[in-house]
Structure formats: structure tokens, C-alpha cells
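# Analysis of the macromolecular model
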Amino acid sequence: MMELEYIEQRIKEMLTPCRFEHSLGVREAAVHLANIYGADRDKAALAGLVHDCAKDLGYQQMKELMIKYGMELDDVSRREPSLIHGPLGAYIAHDMFGINDEEVLNAIRYHTTGRPGMGLLEQIVYLADYIEPNRDFPGVDKLREVSEKDLNKALLMAFDNTIMRVISRKRLLHPNTIFARNDFIMHLSPKE
């Protein structure tokens, strides 16, 4: 893997200034959550920094890279191109930055949709993307507060928020998000 300073410089070149600031904020929030919940800080910092590396690519560039990497899209992602940057970002992180750690790659891959059986690092990056210091939306302060005390409850709130936002916009909802939410609920309150 390349040096973190080099990766940060490349990310800065790849993203708009606003998106780069967001990535720095996600890195900061991910490290903070890693400290609270006992995850690897270095992995959290790396995944947080790199998570949006494909976000500012044009659709044509994305298509070319998907062909290069042999990346298959599900039906929802085909119709909602904003969902492509997570999985594509994992390929770019591996190819461009030499990141081979599956935990880090999965945190990048699923930071937008979540998935059932998310590992701790995936949970942290998903939530950090939501609560990083530059985010400002109704309820973010409450979500930040809950994230300090109960990771599972905060994640469930984030999934609920995502689902309601997507529905209110009349967009397609990725099944991974529904499955992830259901998985958390089943593990939080197992059927007796």
C-alpha cells in the first residue's frame, strides 16, 4: 500500500474541494468512532479518507472503469448511478492505492448502502459518512449524540433516515439497505 500522505494528496486531486473536505471529515469521524468502539484507527482513517474516491467521476469514466474491472451492476444501481461510487471506489482503492485489506475495501464498497452482516469497520465508516462535522441536516446532532453511546442504535437511525429520504425523493431503494436494517433489528432483538 502507498504512503498515507501520497493517498491523501491523490484524493485531493481526484475530488472537488467540497468533497475532499467531506472525506477529511469522514476520516476524522471514523477515527473518533474507532476509538470509542475498539476498531483499528489506521484502517478507519484510511477507509474514511478514500471512501468517496470515485464520487466525482463522470458517468462515462465510471462506465469505462466498470468495464476495466469487470464490475457487474445490479438492477437498482443501473438505475441509480449515485450508488456506483461505493463499489467502484473499492476497485479504485485496490488498483490505484494498493489497498488490499478486505475490511477497508468493504467499508468503502458498502458505505452508501450498507449490507447485512456488516463488520465493525463497515459500520463505523457508514455512520461516519453520515455524522462527519461538515454534515448539516435535521437530526444530525441527535445522531451524533447517539453515536457516542450506542453504535447499533445510531446505525439503525441512519438506515431509517436513509430509507425515509430515498422514499421521499421517489427514488429506488437499494435492497442492501433494507437487508442491513432488518439484520440490525434481528440482532438487536432476537426472536424468542
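Residues numbered from 1 in each chain as written. Predicted model: local features only at pLDDT ≥ 70, side-chain atom pairs only at ≥ 80, totals over all residues. Heavy atoms only, no water.

### Here we look at the packing of aromatic side chains
As a reminder of what qualifies: Stacked, tilted and edge-to-face are the three classes applied to pairs of Phe, Tyr and Trp rings, where Trp contributes its six-membered ring and a pair requires centres within 6.5 Å; stacked means planes under 30 degrees apart, edge-to-face means over 60, and tilted covers the rest. Under the scheme used here, helices are H or I runs from DSSP no shorter than 4 residues and strands are E runs no shorter than 2 residues, and both carry numbers assigned from the N terminus. In this scheme, a residue with accessible area under 20% of its type's maximum is buried, one over 50% is exposed, and one in between is partly exposed, where area comes from a 1.4 Å probe on protein chains only.
Under the criterion given, the structure shown has five aromatic pairs. With 5.3 Å between their ring centres and 10° between their planes, Tyr69 and Tyr91 make a pair best called stacked. Here Tyr69 is found in helix H4 (residues 59–69), whereas its partner Tyr91 is found in helix H6 (residues 85–97), with 22 residues between them in sequence. Note on Tyr69: relative accessible area 18%, which makes it buried. Of the residues examined, Tyr91 reaches a relative accessible area of 31% and is grouped as partly exposed. A centroid spacing of 4.8 Å and a plane angle of 40° characterise the contact between Tyr126 and Phe159, whose relative ring orientation is tilted. Of this pair, Tyr126 sits in helix H8 (residues 120–131) while Phe159 sits in helix H10 (residues 151–168); the two residues are 33 residues apart in sequence, bridging distant segments of the chain. The residues Tyr126 and Phe159 share a single accessibility class, namely buried. Among the aromatic residues, ring-to-ring pairing joins Tyr126, Tyr130, Phe137, Phe159 and Phe184 into one connected group.

### Concerning helix H9 (residues 140–147)
Rule in force here: Arc definition: it is the arc formed by the directions from the helix axis to the C-beta atoms. Here a residue-residue contact requires only that any non-hydrogen atoms of the pair lie within 4.5 Å.
Of all the positions in H9, only Val140, Leu143, Val146 and Ser147 are classed as buried. Down the axis of H9, the buried side of the element spans an arc of 120°, and every buried residue falls inside it. For H9, the secondary structure elements touched by its buried residues are helix H2 (17–37), H8 and H10.

### Considering the packing of helix H1 (residues 4–14) against helix H3 (residues 41–50)
The line we're drawing: Comment: axis = line fitted to C-alpha atoms, over the contacting stretch for helices; angle = value between 0 and 180 degrees taken between N-to-C directions. Working definition: roughly parallel below 35 degrees, roughly antiparallel above 145 degrees, roughly perpendicular at 65 to 115 degrees, and oblique for all remaining angles. What makes a crossing left-handed is the near helix being turned counterclockwise from the far one by less than a right angle; a clockwise turn instead makes it right-handed. Note on residue categories: nonpolar means Ala, Val, Leu, Ile, Met, Phe, Trp, Tyr, Cys or Pro, charged means Asp, Glu, Lys or Arg, and polar means any other residue, Gly included.
Contact pair H1 / H3: the axes reach a minimum separation of 10 Å and the direction vectors enclose 20°. Taken together, the axis directions place H1 and H3 in an arrangement best described as roughly parallel. The way H1 lies across H3 gives a crossing that is left-handed. Between H1, through Leu4, Ile7, Glu8 and Ile11, and H3, the contact on the second element is made entirely by Leu46, Leu49 and Val50. For the contact of H1 with H3, a count of residues per class yields six nonpolar, no polar and one charged.

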